[in-house]
Every structure is written in C-alpha cells, then in structure tokens.
Amino acid sequence: MTAHKRTGPLAGVAALGALLVLTGLHPARAVAAPAEPETACVAGTGPYQRELEHHLGRPVDGVQSSADCYAVRAFQRKNGVTPADGYPGVATFRTMLVVTARPDPNAAGDCPVRDHRVTCVDMDRQLLWVQSGSRVVFPPVPIRTGRDVQETRPGLHEVYWRSKNHVSTLYGSPMPHAQFFDGGQAIHGSPGNLYAHGGSAGCVNLTEPDAERLWDLLTEGDAVYVWGTKPGTED
C-alpha cells in the first residue's frame, strides 16, 4: 500500500510534533501553561490554635508555624471555609466540630433514641442533627443558640408551628423557615454570617441553606431535644 504524503498546514503540525518527540518534549507538555505558584501562608496564631493543631495531627504548642498555617488552609479548602487563609478562627473551629461529629454525632448518647424523628440540639458543641432511631437522617450542622439571659430552653419539645417566611414580631428581623418548638423559640435560618454574633435571642439559628433543608425534612409534631450549655454563657 502506498502511503499518502501530507501537505499543507497538517504537514507542518505533524513535523513539529515529530521534532518535539525527537528532542524529548511531548507536544502537550510543550504548550502547557506553567502552574500558578502557591501563595505563602502567613496567618498568625488564632484563638483555636491548639484545637486545630490537635485535629490536624500537628505539634500542639498553641503557636502558629508555617506548616500549621498550610495544614489549616488545606482543611479550610477541603471543607469550604472562607476565607481559606490558614487562620484558626471560629468558623474553622466550628467546622472542625462538625467534621469530628459527622461519623457518630450521638456517640455520647445525650440525644434520646426513639422510633420516630428527633431533632437533636447540642448546645455544648453548638451542633444540630436529626436521627430516626439510631440512624442519622440529617447530618450535623453548626448552629447558634441563645446568649446569656436569653438562653435556649433545654428539654424535650415538639414542633408546634411552622412559618416559612417568618419575620420576628419582637425584633423585626427575618426568620426564614422558622419551626417553633417552645414559646417564641424556633429553629430558623439566619441571614449573613452565623458566627458574627455571640448568641441568638433564644432561637436556634442555622445557615439559610441548612434551615431550608431541615424545613423539607420536618413537620409539625416532630420532637426536638435540647441539652447542654452554650460556651461562653453561665451555667
């Protein structure tokens, strides 16, 4: 069989490829853009330095090193914490609690196991999850419970009223996907940064996406169990 000789632009491309192969360069590699250099990680020591060092398997000395910073930043990137700057602040710490609890949030057995759904509100760790029997049907998410004097009331409650686009009659603030469980206290979404303020006025605040997902799961009559003490409040 007689081979056909390539002519025109294709012949030039083929010749260039052959030349690059002969010189040890792969054509794709020859035209690839250089990788963006990794920016330096310069965040200083944070308030949750020791907790993050322990979680990430770093030497626990409470002082941020360059290696600590890179490890924290990698954790932030993996878990969607912004800004991912390597600083061991409150958002990163609270995300760490969620990640740690995820395999078995009720390992300590604090939330009652029933044959129906129970929304578990752990004020010690500032976490919420939902379980049906021993099966977790809504994985743990971060929350914000009541501040001093306006603490979220502990005990066994139930969702008695739901209001999807609720606005507080006391404060005029939006309470999206509000599910009331005790008096004026509700589980609801909190617009903006969940960690920007020390505590709520008694409600259980979630991020708006988490509150919407919980709204789709629960219904009136569902159990809500609250226990523990919010860090920073009096016992």
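See the structure shown above.
Residues numbered from 1 in each chain as written. Predicted model: local features only at pLDDT ≥ 70, side-chain atom pairs only at ≥ 80, totals over all residues. Heavy atoms only, no water.

1. So, the packing of aromatic side chains
Stage number 1. Summed over all chains, the structure comprises five aromatic pairs.
Stage number 2. A centroid spacing of 5.1 Å and a plane angle of 25 degrees characterise the contact between tryptophan 161 and phenylalanine 180, whose relative ring orientation is stacked. Of this pair, tryptophan 161 sits in strand 5 (residues 161-167) while phenylalanine 180 sits in strand 6 (residues 174-182), placing them 19 residues apart in sequence.
Stage number 3. For tryptophan 161, a relative accessible area of 39% translates into the label partly exposed.
Stage number 4. Looking at phenylalanine 180, the relative accessible area reads 5%, which means it is buried. (Phe/Tyr/Trp six-rings, centres within 6.5 Å; stacked < 30°, edge-to-face > 60°. Helix = DSSP H or I, 4+ residues; strand = E, 2+ residues; numbered from the N terminus. Buried < 20%, exposed > 50% of the residue type's maximum accessible area, 1.4 Å probe, protein only.)

2. Describing helix 6 (residues 208-217)
Stage number 1. Turning to helix 6, its buried residues number three or more, namely Asp210, Ala211, Leu214 and Trp215. Taken around the axis of helix 6, the buried residues stretch over an arc of 140 degrees, which confines them to a single face. Away from the buried face of helix 6 by more than 90 degrees, exposed residues Pro209 and Asp216 are located.
Stage number 2. Contacts from the buried residues of helix 6 go to strand 2 (127-132), strand 3 (135-142), strand 5, strand 6, strand 7 (185-189) and strand 8 (204-206). (Arc of directions from axis to C-beta. Contact = heavy atoms within 4.5 Å.)

3. Some words on unusual backbone geometry
Stage number 1. Put simply, threonine 82 and proline 83 share a cis peptide bond, and its omega is -5 degrees.
Stage number 2. Turning to its location among the elements, proline 83 is positioned in the loop between helix 4 (66-79) and helix 5 (90-101).
Stage number 3. Located in the positive-phi region is valine 149, a residue other than glycine, with phi close to 75 degrees.
Stage number 4. With respect to the helices and strands, the residue valine 149 is situated in the loop between strand 3 and strand 4 (155-158).
Stage number 5. Accessibility expressed as a relative area gives 79% for valine 149, which makes it exposed.
Stage number 6. Here histidine 177, not a glycine, exhibits a phi torsion of approximately 55 degrees, which is positive.
Stage number 7. Among the structural elements, histidine 177 can be located in strand 6.

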